[in-house]
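# Architecture at a glance
Listed below are the residues making up each chain.
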Amino acid sequence: MNVYLQSLGVVCSLGSDLPGIRAKLWAHEIPDSVAPSDQYTPGRLLHLGRVQTESPDWGQVPLAQRSRHNALLAQALHQMRSSVQAAVLRHGPSRVAVILGGSAPGLEEGEQAVRSHRAHGVWPVGYDYAQQTLGSGAAFVAREIGATGPVYTISTACSSGAKALASGARLLRAGLVDAVVAGGADALSTFTIAGFSSLESVSAERCNPMSLHRNGINLGEGAALFLMGRDAGPMRLAGWGETSDAHHMSAPEPSGQGAADAMRLALARAGVAADMVDYLNLHGTATVQNDAMESRAVADLLGCEVPVSSTKPMTGHALAAAGSIEAALAWATLVDNPLGYLPPHWFDGVRDPQLPPLHLVHAGESLGRSPRYVMSNSFAFGGSNAALLFAQG
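Anyway, here's the lowdown on the structure attached to this text.

Cut-offs used in this document
- Residue positions are given per chain, counting from 1 as you read along its sequence in written order.
- In keeping with the predicted nature of the model, local features appear solely for residues at pLDDT of at least 70, side-chain atom pairs appear and are counted solely at 80 or more, and the whole-chain, interface and lining totals rest on all residues.
- Working from all heavy atoms in the structure, the side-chain values ignore hydrogens and water.
- Put simply, DSSP marks the helices as runs of H or I at least four residues long and the strands as runs of E at least two long, and each gets a number from the N terminus on.
- Here the radius of gyration uses the C-alpha set of atoms, whereas the globule reference equals 2.2 Å times the residue count to the power 0.38.
- Three labels apply to residues, based on accessible area from a 1.4 Å probe with only protein chains included: buried if under 20% of the type maximum, exposed if over 50%, partly exposed otherwise in between.
- Whether two aromatic rings pair depends on their centres lying within 6.5 Å, for rings of Phe, Tyr and Trp, where Trp uses its six-membered ring; planes under 30 degrees apart make the pair stacked, over 60 edge-to-face, and the rest tilted.
- Two strands pair under a simple rule: DSSP has to find at least two bridges between them.
- Contacts are assigned to residue pairs with any non-hydrogen atoms lying within 4.5 Å of each other.
- Here an angle of 0 to 180 degrees is reported between the N-to-C directions of two axes, which are lines fitted to C-alpha atoms, with helices fitted over the stretch in contact.
- When a carboxyl oxygen of Asp or Glu is within 4 Å of a side-chain nitrogen of Lys or Arg, the pair counts as a salt bridge.
- Nonpolar core, defined: a set of buried Ala, Val, Leu, Ile, Met, Phe, Trp, Tyr and Cys residues in which side-chain atoms within 4.5 Å join the residues together.
- The span expected for a helix works out to 1.5 Å for each residue beyond the first.
- Polar contact is the term for a pair of N or O atoms within 3.5 Å; when the atoms are in protein, one must be able to donate a hydrogen and the other to accept it, and sequence-neighboring residues count only if both atoms are side-chain atoms.
- Here the word oblique covers every angle except those under 35 degrees (roughly parallel), over 145 (roughly antiparallel) and from 65 to 115 (roughly perpendicular).
- Left-handed describes a crossing whose near helix is turned anticlockwise from the far helix by less than a right angle; the clockwise case is right-handed.

This part takes up the overall build of the protein chain. When helices and strands are tallied, the protein chain shows 11 helices and 13 strands. A compact globule built from 393 residues would reach a C-alpha radius of gyration of about 21 Å, and the protein chain, at 20 Å, matches this within 12%. With the C-alpha coordinates of the protein chain rotated into their principal frame, the extents come out at 60 × 55 × 40 Å. Within the span of the protein chain, comprising 393 residues, buried residues form 59% of the whole.

Listed below in structure tokens is the structure:
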């Protein structure tokens, strides 16, 4: 049984919808979408992938669901609302599921509330601790669309958004539902940035994946949602693979075996040979260990000829939303792209001689034909690996 992605909504620092993202994705110069800011670190400039958005009119939305995290989801959902509502009407609310990847909703609201409480001795009006519950985003989306099927959140750090799509596919193939809204969201916060800074994995400059000079990530934010179903759509989730290294709490397993196994499983599930992959969106965080591990895994399984790139210098690392945002970039690459333009790999051009010589996409590069298969990698703390393989619908 085939699983199709029928519509999408996406917002990230690269753009507030798919057409805007496409315009910057194919640009011949690196966009300014990841830019210096000290919004969350006063006196310390960091390159961040921030989203410029206003809070929606919350209307009757419960206070517990009013957060920047859910505002990002609302912006993505707005772009696909008509197709989602049609699916709910067609299949019935109980046959529609909502599965989201998330990591820390409501943190910004919690930080502001604590500062206010320290200053004034009372919690501010408009704050509810439940804004920080992990399931807030999925509950919000389900309420907005009237879905009463399975509603849950996956929290496996930076693989969450990708694993939500794989989970949606399993529900559909098991016949438990007829439609799934799946994706991920994450919002920047002082807490998150401080946490990654404590691991000495945040770069003050624009991140530099696969470079000899790489020294850490740029954090970002955003949301991407997909309507998944059995009826044909513009893009198909041909395969997925998930593995768990359990090597270290934060460092990847150095050989890349788990990452390679995830990609191998995705290909096997799709029945696709490795040489059929036309482009791979790397996890590509620009940390020393991740890029070393991933490049080995890619070279071992796909070889060094397949075009690859990390898009995180354009979006920042949106953590739980990264896998779903990069699935949206796979959509941009596969759908309505007859010349096969590929997302460029922006870095300083100084390759690390210790890494395999992967084919890093240069600006303006294209296949000269429509792509067949596009793969996207997402790797996370604790060795949680996910690989998604997409095909044209």
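There is more to say, and it comes next.
It is worth spelling out the packing of aromatic side chains at this point. All told, the structure shown has 4 aromatic pairs when counted by the stated rule. Plain terms: the ring middles of Trp26 and Tyr341 are 6.4 Å apart, the flat faces sit at 40 degrees to each other, and that makes the pair tilted. Placement of Trp26 in the loop between α1 (18-25) and β2 (35-37) and of Tyr341 in the loop between α11 (322-334) and β11 (359-360) is noted, with a sequence separation of 315 residues between them. For Trp26, a relative accessible area of 21% corresponds to the partly exposed category. Given the relative accessible area of 34%, Tyr341 is considered partly exposed.

Now for the sheet that holds strand β5 (residues 151-154). Spatially, β5-β4-β6-β7-β1-β8-β13-β12-β9-β10-β11 is the arrangement adopted by the 11 strands of the open sheet, whose pairing is mixed. Looking along the sheet, the strands with just one partner apiece sit at the ends: β5 and β11. As paired elements, strand β10 (residues 307-309) and β11 share 2 bridges and run parallel to each other. Bridging from a neighbouring strand, Pro307 pairs with His359 of β11. Running over the sheet, helix α5 (residues 136-145) touches β4 (96-101), β5 and β6 (179-186) and is turned about 150 degrees from β4.

Our focus in this paragraph is the pattern of salt bridges. On inspection of all chains with the given rule, the structure shows 14 salt bridges. Among the ionic pairs, Glu144 bridges to Arg143, the shortest N-O distance being 3.9 Å. Note on Glu144: relative accessible area 25%, which makes it partly exposed. For Arg143, a relative accessible area of 39% corresponds to the partly exposed category. Where Asp178 meets Arg230, a salt bridge forms, and the shortest distance between an N and an O atom there is 2.8 Å. With Asp178 in the loop between α6 (160-173) and β6 and Arg230 in the loop between β7 (222-229) and β8 (235-244), this pair connects stretches of sequence that are 52 residues apart. Taken together, the shared-partner salt bridges in this structure form one network comprising Arg81, Arg143 and Glu144.

It is worth spelling out the nonpolar core at this point. Of all hydrophobic cores here, the largest spans 48 residues; its most connected members are Leu165, Phe226, Met228 and Phe390. The element contributing the most residues to this core is α11, with 8 residues.

Most peptide bonds are trans, and most residues other than glycine sit at a negative phi. Even without glycine at this site, Leu319 takes up a positive phi of about 55 degrees. Relative to the helices and strands, Leu319 is located in the loop between α10 (312-315) and α11. The buried category is assigned to Leu319, whose relative accessible area is 8%. Although it is not a glycine, Asp336 sits at a positive phi angle of roughly 55 degrees.

It is worth spelling out helix α8 (residues 257-270) at this point. Compared with an ideal rise of 1.5 Å per residue, which puts 14 residues at 20 Å, α8 spans 20 Å between its outermost C-alpha atoms and is within 8% of the ideal. Regarding α8, the residues found buried are Gly258, Ala259, Ala260, Ala262, Met263, Ala266 and Leu267. Looking at the buried residues of α8, the elements they touch are β8, β9 (277-281), α9 (288-301), β12 (373-380) and β13 (384-392). Looking one or two residues past α8, Gly271 carries a phi angle of roughly 70 degrees, positive in sign.

On to the side chain of Ser384, then. Topologically, Ser384 is positioned in strand β13. Judged by its relative accessible area of 12%, Ser384 is buried. At a separation of 2.8 Å, a polar atom in the side chain of Ser384 contacts the side chain of Ser159.

Relative orientation of the contacting elements α8 and α9 amounts to 40 degrees, with a least axis distance of 8 Å. Our classification of the angle between α8 and α9 gives oblique. With respect to the hand of their crossing, α8 and α9 are arranged in right-handed fashion. Contacts from Ala259, Ala260, Met263, Arg264 and Leu267 of α8 reach α9 at Met293, Ala297, Val298 and Leu301.

Take it as geometry only, folks, not as evidence of what the structure does.
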